[in-house]
Amino acid sequence: MAQQQDHPRRNFRARRDILEELSDAELLKRYRFDREGIMFITDLVRDELQSPTNRNVPITPEMKVLMTLRYLATGKMQQCNSDDLGPSQPSVSNSITQTLHALTAPHLIKQFIKFPALHHHELARIAGEFRQVAGFPGVVGVIDGTHIRIIAPRRFEAEYVNRKNYHSVNVQIVFDAAYNILNVVAKWPGSTHDARIWQESCLRMLFEHNRVPPGYHLLGDSGYPCKPYLLTPFLRPQPGPQANYNMAHKRTRNIVERGIGQLKRRFHVLHGEVRVSPAKTYRIVGACAILHNICKARNIEIPADIDNLDEVVYAAEDDPIPFAFPATAHQAGLQYRDAFANTHFKSRSRSQLPLPLPAHEDPAAIPPVGVEETGVKVVQFSGVANTSESLALYAGAVITRVLINLTRRKHQLNLKPQRPGEEMSQCERGSGSVMVCEGKSQEWQYE
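About the criteria used
Each chain has its residues counted from 1, following the order in which its sequence is written. In keeping with the predicted nature of the model, local features appear solely for residues at pLDDT of at least 70, side-chain atom pairs appear and are counted solely at 80 or more, and the whole-chain, interface and lining totals rest on all residues. Calculated side-chain values reflect all of the structure's heavy atoms, with hydrogen atoms and water omitted. UniProt positions are given in the numbering used here, feature names are shortened, and annotations may be inferred rather than shown by experiment. A score from 0 to 100, pLDDT tells how confident the predictor is in each residue. We count a stretch as a helix when DSSP gives it H or I for four or more residues in a row; a strand needs E for two or more, and each element gets its number in order from the N terminus. By the convention used here, residues are in contact when the closest approach between their heavy atoms is within 4.5 Å. Strand pairing is assigned whenever DSSP detects at least two bridges linking the two strands. Helix axes are fitted to C-alpha atoms over the stretch in contact, other axes to C-alpha atoms as well, and angles between N-to-C directions run from 0 to 180 degrees. The salt bridge definition used is simple: a Lys or Arg side-chain nitrogen within 4 Å of an Asp or Glu carboxyl oxygen. Burial status follows relative accessibility: with a 1.4 Å probe on protein chains alone, a residue under 20% of its type maximum counts as buried, one over 50% as exposed, and anything between as partly exposed. What makes a nonpolar core is a set of buried Ala, Val, Leu, Ile, Met, Phe, Trp, Tyr and Cys residues whose side-chain atoms join them at distances within 4.5 Å. By definition, turning the near helix anticlockwise from the far helix through less than a right angle yields a left-handed crossing, and turning it clockwise yields a right-handed one. Note on angle classes: values under 35 degrees are labelled roughly parallel, values over 145 roughly antiparallel, values of 65 to 115 roughly perpendicular, and the remainder oblique.

- By the naming in an unreviewed UniProt entry, the protein chain is Putative nuclease HARBI1, taken from Petrolisthes cinctipes.
- Taken verbatim from the UniProt record of the protein chain, the Cofactor (unreviewed entry) comment is "a divalent metal cation".
- Recorded in UniProt for the protein chain, the comment headed Function (unreviewed entry) runs: "Transposase-derived protein that may have nuclease activity. Does not have transposase activity."

Here's what the structure looks like:
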């Protein structure tokens, strides 16, 4: 009888009990949540993270949540998590992936990220909060896109190069006046224009089909089409109602810029380069959005000693590219905006208006080069009087700039881009208004 061969015993590294070692202030600094918040998140996903057996010293749900929060808060390499908490790097990677899938389950997305369509009292409450900012009536959300930097993907690499010439995914996000996220669409490569993302979103369909009552609006920048439910600024405002409208619009819409800054400040993984596949990046964005709303609901503030990125992060993304919409595509929105400005901003006292900005910081003082309100591609000039001398002085330089930009960014401005060769898979591109990831559809926006 052959002698049975002895196998060496497996040695498991000691694991730290972070919840017992650190105070709430230290937990908040390192994981963005206090002890009660961490346990609240763990209870939400415990069933999905609990190991079915006790073989091989399984990692507890609490430890998996801690490793994920540490990664999202810092964006550091997984080996740092391994050195700090004890489990091996492969175990850390598996735990983070498992936790991200659990956090972005459809029932949790629907619980924490939802636009209050057909909820009249909730819409009225949000509109009242927005009106206190700058007197802009009927606003139920502010919308914008933000780019999340990623490493070059293995497939369709050119699709992810944005207009700043780095690889990214473009995320549409909507905030309310209290900086809660009402809607997030994370499924598009960085070369996609904001208008294309909006055109394909479920949120647009809610407004188009009157699931949100008429009279309520979103506020967006000049990269979006002007609609009766999506109000954009005047590109060349006239003194009076249009100028007053633009000032209130700018001050109210700044909430989305500060909200994006808060999100990236709280979860620094979104501020740096995400070194995973685009499909996993989409889940990271969704998980961060859910955790951000949990922080707001539990009144968990961002640690004060973190660098202030509220304004810096978003300012780096530069001004939007106005899209060359056909005149018939948003003529009704332009007419509605004119009537809206004349009705609500015809005469406003100085006490109702925000403090004026210096001329070099006020976009209303120097309108951007872009598209006229009629939707026809035209040239716009600086804040010089519209005289023949001004036209002769600026026409050559501005026309050259517009032509160069349109040529260089043609693939970004095309609502229906055509790419040669193989089509993108649904996992990387998404289909319609549903994000498709790893063969399973995940809706990131709900009624």
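### Here's the deal with the confidence of the model for the protein chain
Right, so step 1: Looking at the protein chain as a whole, its pLDDT mean stands at 76, while 68% of the residues score no less than 70.
Right, so step 2: Per-residue pLDDT, averaged within each element of the protein chain, yields its smallest value for strand β6 (residues 435–437) (36) and its largest for strand β2 (residues 168–175) (97).
Right, so step 3: In the predicted structure, residues 309–316 sits below a pLDDT of 50 and forms 17 contacts with residues beyond four places in sequence or in another chain.
Right, so step 4: Considering only residues more than four positions removed or in separate chains, one finds that residues 406–447, a stretch of pLDDT under 50, has 107 contacts.

### Observations concerning the sheet that holds strand β1 (residues 139–149)
Right, so step 1: Strand order in the open sheet made by the 5 strands is β3-β2-β1-β4-β5, with mixed pairing throughout. Edge strands, defined here as strands with exactly one partner in the open sheet, are β3 (181–189) and β5 (230–231).
Right, so step 2: With 7 bridges joining them, β2 and β3 adopt antiparallel strand pairing. Bridged to Q172 within β3 is V185.
Right, so step 3: Against the sheet, helix α11 (residues 241–266) contacts β1, β2, β3, β4 (217–219) and β5, and its axis sits at roughly 45 degrees relative to β1.

### A closer look at the pattern of salt bridges
Right, so step 1: All told, the structure shown has 11 salt bridges when counted by the stated rule.
Right, so step 2: The salt bridge partner of D24 is R35, with a shortest N-O separation of 3.0 Å. Placement of D24 in helix α2 (residues 24–31) and of R35 in helix α3 (residues 35–49) is noted, with a sequence separation of 11 residues between them.
Right, so step 3: A relative accessible area of 37% means that D24 is categorised as partly exposed.
Right, so step 4: What makes R35 partly exposed here is its relative accessible area of 29%.
Right, so step 5: With a shortest N-O distance of 2.7 Å, R253 and E257 are connected by a salt bridge.

### A word on unusual backbone geometry
Right, so step 1: In this structure, N165 takes a positive phi of about 65 degrees despite not being glycine.
Right, so step 2: Look at Y179: it is not a glycine, yet its phi comes out positive at around 65 degrees.
Right, so step 3: Locating Y179 in the fold gives a position in the loop between β2 and β3.

### Topic: the nonpolar core
Right, so step 1: Ranked by size, the top nonpolar core spans 91 residues in total, and within it F33, F115 and I284 carry the most contacts.
Right, so step 2: At 10 residues, helix α12 (residues 278–297) tops the list of elements feeding residues into this core.

### Let's talk about the packing of α3 against helix α4 (residues 61–74)
Right, so step 1: The contact between α3 and α4 brings their axes to 9 Å, and the two run at 115 degrees. Our pair here, α3 against α4, has a crossing hand that is right-handed. From α3, I38, M39, I41, T42, V45, R46 and L49 reach across to α4, where they touch P61, E62, K64, V65, L66 and L69.

### Some points on the packing of helix α6 (residues 89–103) against α12
Right, so step 1: Interaxial distance between α6 and α12 falls to 9 Å at its minimum, and their mutual angle equals 60 degrees. Comparing their axes, α12 and α6 come out oblique. As for how α6 packs across α12, the hand of that crossing is left-handed. Of the residues in α12, those in contact with T97, L100, H101 and L103 of α6 are K280, R283, I284, A287, I290 and L291.

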